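Notes for the structure review
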Amino acid sequence: MAWDAEGYQPVELDDLAVPGHQPVVADPKIALLPLRDLLWENFERLLLDFAQAEDDVAEARRYGVAGQAQAGIDVAGRSSNGRWYAYQAKKVDRLTESDVRAALDAFVEGRRPFGASRLVIATTSEGTRTQASDLIHSYRSAHPSLSFELVWDAQYISNRLRRLPRIVGRYFGDHVAWRFCDADVLAGYMAPQRQTALLGTELAGADPFALGVHEAIEAYGAAGALPAYVRRPFDAELAEVVRRACAGKSAVAVLVGDSSTGKTRACWEAVCALPVGWRVWQPARGAEILNAPGRIGPRTVLWLDEIKRLLLSGDHAADERVAVALGGLIGDRIAGPVLVLGTAWHEDWIEMTRPPGREDEYKQRRMLLVGRRIVVPEIFEEKEIGPLRTSNDARLAEAGEHAEGGHVTQYLAGGPAQLERYENAPPLARAVLDAAADARRLAPGIRLTEQFLAAAGDASLTSLQRDLLPDDWFAAVIAYTGAPCRGARGALGRVRPSLLTDVEHEPELRLADYLEQKLSRERATLCPADWFWTVAERFAATAGDRVAFVSAALTRGRLAAAERLADRAAALGDPRGLERLGAHAEEQGLDALPYFERAARAGSELAMVKLGFRYEDRGRLDEAEQMFRAALSSSEKYDAKVGLGSVLWARGEHEAAIDLYEEALSDDGGPRAVEYQARELASRGDHELALELTCRSFAAGNSEAFTGLAWCYVGSDHERAVQVLRQALLAGDRNALRELAIVHEHSGDLRLAEKFGELAARYGDISGLCLLSRIRGRRGDLASARGALWQAYNTGQEWVLLEIGELHERMGDLKRAERFYRRRLRQTNSSASGHSLADGLVRGLIRVLARTGRFAEAEQLAVRSGSCATELLASLCTESGNYADASRLLDDLVGRGYSRALLQLARVQQSAGDLSGAEQSLRRACDAGVSGALRQREKFREEVAGGC
């Protein structure tokens, strides 16, 4: 949604594009030539040319010179039959009867040049009065040897000149001829001249970037060179100016705003509404405007981006001449309409329109501009930003999500400039930018301090490079990286703290958001060098920042660096890094005890609890009790109560243990902890206490307590699992019937499974219907299975649609499955649950398309739908042995920043026999810190070694 330009009502963003059709605007030919505006000498010359064309006279000439007696004759000419004609020019606004009589009498009674026998009176008057026409008729009757033509008035001459563009162009200009003469006669005469004579280019073929519209950020899936345009209230003012120009009235507007607020883009969108036939001309200097008379055709947009270049050049006399020329062009009714659009910064506008002093040196400039300003706001309002986040244009969506403080246009325009700043950076500045980007992608949210980045830049150098550096090298780097980029912040610049904050921090720097995202994608599979981890250990801003680097180091196999970072963070009071080292050791099957012991010494309550349980497992009850009590003394953690209870129970102190369990059950998260303890007891064979704690956990609000305990026995003790769930029925567990059905299904007893599934559905457990469908499907009763799913759907469970579609696929009815998926996709709403359902439906449709051989269509759908859909299609390709397309799809995902696709790519390459490629992909995944990459690489190497 966005706000439109008229009434500021919500409209869909997709409706904001320029309409595909051009509006029809009345723009007729010039009705009448302004003969009266000609000098009298030029009117006589025009009459001479017109007489030659109209009467086919030869030897036509002006009769006499100024000051001579001419008997009222201005032009004389001999016709092809040898007769001489006389022409009298009357440059008057109104031709009277007495004027006509005087001319006729002078011709009849006076000396007629060359014995002329025909008289024509030509006038600039728009029409001829009936009395004058009647008088001419009477003279024809009285003097039959002479010929008297009706008056050639402005209307008659104009009508005849429509077929004579050469004459019109000679006296009024080619641009007037183009707007006045008939099209068929212009085609052969004006077209070649028009291409070279008129300034500018056809608007339909204009390039917005050549006119100064900034390039926008890149975003995957974005279509078109420019993002969709979002209209704001000021666009209504601009649209009205354009509408006046369309209606035939010259107009001026100057959009005023700070850098990259969207001024030029707004002008471009506005002129796109002009009808076919308009031109656009962008003068680079004021001198071009001064030399342009006669070459600016009607229906021309004068594109004055950064108008200060023309009107604030520093030469006030030249600026005034340009202002006069522009004012004259706007006021020229014949040359118009023209549309003058300019842009200016606030400070330049103030200077160009400042009030006059004692001597008004800039009167013409001020008269041109005052009253023509349209202010472009620097920031978007929240009601304008909200709809951007859900825009179909990926660039707008990104700007809506990441633009700081409503600076949407600056984010869109500044991104390419920030990237250019990075690409053109000197080596040392680039090293600092790379270090900033790596720090932010490895430890999102950390603070970038000058000390950290200066150390990173220094560490990237050789000894010789470091020795040759000037003392102020870092200041020079920040001066380069921090310079503003089209109204947006620089690539990397200092953060100025608010005056309202009382907290003092080390000077902080900020990497531009767009550049951070771009570099994070491009450098995703690069693991920083050893010196980077050393810099992070020594110069990270806080202990918490070092902890964030611990996780990054661990996922990349940098265990030594992770240990140093964790120890440094613990020394500064944050033991979480050591906790993560312990958790990592557990995942790898290594001894985690040393890490938890160090973390406990540093004050980690989590580590104390972890140690307590491990000491208990090893029979070291005194040490376990000590750890649990230490954790309780500092935090009253519920899991410490559960652990201590377990120790006391093992010592025979049952009442004290039960009291601790009861205390834990009253804490948030305590019922779940007690459930886990029950599972642990079950694994030790203490079934009665396990069931007792499970009942207490359920009574305390943990609805999954019985299910958790029952599944401890599934696969090893079926009867005990069933007994637990029967106890759950007695306790009122609404999940028990469904779980009984699943447990029996797992054991292979489909009859009992179906029975309990029917009971679950009968008592309101809708998921029981889906379970019934699965069980009946396993028995081969697919029709009944489908009926159960539709029954679930009819109760409002939309998610079962996915299972219905999959059932169609299992039945082999792929055509029906495809129709089903397509129809349901059209009907799916846009809610969060609807998006989840739509994703599942898309995956189903991709499966059908791929399995019916329509890979190209499946790929188009997958690419539009995101990384998960593309990974699915790659899996389908792998299943069918199409390793090439699977690799290509996954390579594309990796290039778009989805590093996790490297794991699937490695599996595809291994299946295809490309072991070297698989090793490389796994190395890149490890360097990218992809979860599970280290384990997969180890497994891959074991398989390769085993195969050898």
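As a starting point, this report considers the structure included with it. (Residues numbered from 1 in each chain as written. Predicted model: local features only at pLDDT ≥ 70, side-chain atom pairs only at ≥ 80, totals over all residues. Heavy atoms only, no water.)

1. Let's talk about the overall build of the chain
- The helix and strand inventory of the chain stands at 49 helices and 16 strands.
- Its C-alpha atoms give the chain principal-axis dimensions of roughly 150 × 80 × 60 Å.
- Out of the 948 residues in the chain, the part that is buried amounts to 49%.
- The contacts of the chain with a sequence gap of at least 6 include a subset with a gap of at least 24, amounting to 62%. (Helix = DSSP H or I, 4+ residues; strand = E, 2+ residues; numbered from the N terminus. Buried < 20%, exposed > 50% of the residue type's maximum accessible area, 1.4 Å probe, protein only. Contact = heavy atoms within 4.5 Å.)

2. A word on the pattern of salt bridges
- Per the counting criterion, the structure on display carries 67 salt bridges.
- In this structure, the salt-bridge partner of E269 is R265, at a minimum N-O distance of 2.8 Å. One end of the pair is E269 and the other is R265, both in helix α10 (residues 263-271) and four residues apart, which spans about a single turn.
- Residue E871 is joined to R900 by a salt bridge in which the shortest nitrogen-to-oxygen separation is 3.3 Å. With E871 in helix α45 (residues 867-879) and R900 in the loop between α46 (883-895) and α47 (901-911), this pair connects stretches of sequence that are 29 residues apart.
- One network of salt bridges, with partners in common, ties together E404, R489, R510 and D513. (Salt bridge = Lys/Arg side-chain N within 4 Å of Asp/Glu carboxyl O.)

3. Some remarks on the nonpolar core
- With 109 residues, the main nonpolar core has L453, L492, L515, W533 and F549 as its most contacted residues.
- Filtering out sequence-adjacent residues up to four positions away, L492 remains in contact with V432, L433, A436, L448, L453, I478, T481, G482, L509, R510 and L511.
- Among the nonpolar cores identified, the runner-up in size contains 53 residues, and A817, Y821, F855 and A925 belong to it. (Core = buried A, V, L, I, M, F, W, Y, C linked by side-chain atoms within 4.5 Å.)

4. A look at the sheet that holds strand β15 (residues 492-494)
- Strands sit in the order β14-β16-β15 across an open sheet of three strands; the sheet is antiparallel. With one partner strand each, in any of the chains shown, β14 (448-449) and β15 form the two edges of the open sheet. (Pairing = 2+ DSSP bridges.)

5. Quick look at the packing of helix α19 (residues 427-442) against helix α20 (residues 450-459)
- Running from N to C, α19 and α20 point in directions that differ by 125°, and their axes come no closer than 9 Å. Taken together, the axes of α19 and α20 lie oblique to each other. Considering only the axes of α19 and α20, their crossing is right-handed. Each of L428, V432, A435, A436 and A439 in α19 lies in contact with α20, whose residues at this interface are F452, L453, A456 and G457.
- Considered class by class, the residues forming the contact of α19 with α20 number eight nonpolar, one polar and no charged. (Axes fitted to C-alpha atoms, helices over the stretch in contact; angles between N-to-C directions. Parallel < 35°, antiparallel > 145°, perpendicular 65-115°, else oblique. Left-handed = near helix turned anticlockwise from the far one by under 90°. Nonpolar A, V, L, I, M, F, W, Y, C, P; charged D, E, K, R; others polar.)

6. Some thoughts on unusual backbone geometry
- Even without being glycine, S260 reaches a positive phi, approximately 55°.
- For S260, the location among the structural elements is in the loop between β9 (251-256) and α10.
- For S260, a relative accessible area of 8% translates into the label buried.
- The phi dihedral of R299 is positive, around 60°, even though this residue is not glycine.
- With respect to the secondary-structure elements, R299 resides in the loop between α11 (286-290) and β11 (300-304).
- What makes R299 buried here is its relative accessible area of 14%.

7. Overview of the sheet that holds strand β6 (residues 118-123)
- Pairing is mixed across the open sheet formed by five strands, whose spatial order is β3-β4-β5-β6-β7. Looking along the sheet, the strands with just one partner apiece sit at the ends: β3 (57-62) and β7 (147-148).
- Note: β6 against β7, two bridges, orientation parallel. Directly across from R118, in β7, lies its bridge partner S147.

8. Some thoughts on the environment of R696
- Within the fold, R696 resides in helix α34 (residues 687-699).
- Given the relative accessible area of 26%, R696 is considered partly exposed.
- Considered as a pair, R696 and R244 are 452 residues apart in the sequence and their alpha carbons are 80 Å apart.

9. Some words on α47
- Counting buried positions over the eleven residues of α47 gives eight, a clear majority of the element.
- On its buried face, α47 is in contact with α45, α46, α48 (915-928) and α49 (933-947).
- Taken from the residues just after α47, G913 is the one with a positive phi, measuring 85°.

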